[in-house]
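Structural overview
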Amino acid sequence: MPETIQRQIQQSCFKNVYWFSRYLLNTDQFGALGKSKETQLLNTVTILETLLAQENFSDAEKVILLKNTLAESIKNLSSPNTKIYNLSLNLINRLDEDIQTVEDVFVFCIAVKYFVAPINRAISLVPADDKKFCETAAKNILDTFGEKNIAELIKVWDNLGVKGCLDIERGLIVEEFTKLLENLSRLKIPHSQLDDNIMLTAFVQEFERRLGQKRKSRGGISLESVADFIFDY
């Protein structure tokens, strides 16, 4: 990466929008609270945004208040002495390191509202299997050519399934990307074209990571589905 771009990214207050999103979705280190506690986190963001709008505190006072509020909110998401609680403490410690300014809190709110929540909703709409794209064509192949063309059936199943699922994924990415563009245009914090690029590419990077997980799971199911279809025919 060119040194000037790397330096500009590190100087942007939006540099952590990707990492805040990843922390909230990281199961092993932080308990993936962005998945299991999305509604509560969105409520926390509403509280943080209300405090951010207060004018009777200095920025230094706001940072302390905001960090304490966020820490307490995260602690309250799970019961003490549980695995998820201990992982949430890891998240609190990491956020305490990364959040040093009022702008950092603003960026955390962006990560929850415009990255984690929309991607969660979109991922839930991605097909878990490819049967609906394949069964009609597969039946027609067997009806017409019989079992001698099972190899062709498997190939067609794979091609139709991949294309059908990827078309849906593509539509969801375009839809959510368009919404993000609109949301960024309404941000009340100053942001440059580079800042927008940092956020847009972070969104696509995280969306694609989540889609990759879904595709991996779907691949195994697809093999089972075509085998079951042939067996039941």
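This text gives an overview of the structure that appears in the document. (Residues numbered from 1 in each chain as written. Predicted model: local features only at pLDDT ≥ 70, side-chain atom pairs only at ≥ 80, totals over all residues. Heavy atoms only, no water.)

A look at the overall build of the protein chain
Stated precisely, the cut-off is as follows: Helix and strand assignments come from DSSP, with helices taken as H or I runs of at least 4 residues and strands as E runs of at least 2, each series counted from the N terminus. Exposed residues in this analysis have more than 50% of their type's maximum accessible area, buried residues have under 20%, and partly exposed residues fall in between, with area computed by a 1.4 Å probe over protein chains only. Whether two residues are in contact is decided by their heavy atoms: any pair within 4.5 Å suffices. Values of accessible area rely on a 1.4 Å probe in the Shrake-Rupley scheme; residue burial ignores everything except the protein chains shown.
Counting secondary structure elements, the protein chain contains 11 helices and 0 strands. When the helices and strands of the protein chain are read in sequence order from the N terminus, they spell out α-α-α-α-α-α-α-α-α-α-α. A total of 233 residues make up the protein chain; the buried ones form 42% of that total. Put simply, 75% of the contacts in the protein chain that link residues at least 6 apart link residues at least 24 apart. When the accessible surface of the protein chain is split by element, carbon and sulfur atoms take 53% of a total near 12,900 Å².

Section: helix 5 (residues 38-52)
Quick reminder: α-helices carry 3.6 residues per turn. Residues three or four places apart thus point the same way. We apply this condition: One fewer than the residue count of a helix, multiplied by 1.5 Å, yields its expected span. By construction, the arc corresponds to the directions joining the helix axis to the C-beta atoms.
Helix length check: helix 5 (15 residues) gives 21 Å between terminal C-alpha atoms against 21 Å at 1.5 Å per residue, within 8%. For helix 5, the complete set of buried residues consists of Glu38, Leu41, Thr44, Val45, Leu48, Leu51 and Leu52. Projection of helix 5 onto a plane perpendicular to its axis shows the buried side chains occupying an angular sector of 125 degrees, all on one side. Residues of helix 5 that are buried in the fold lie against helix 2 (17-25), helix 4 (33-36), helix 6 (59-75) and helix 8 (102-125).

Considering the environment of Phe57
Looking at where Phe57 falls in the secondary structure, it is placed in the loop between helix 5 and helix 6. Discounting residues that sit within four places of it in the chain, Phe57 has contacts with Lys62 and Leu65.

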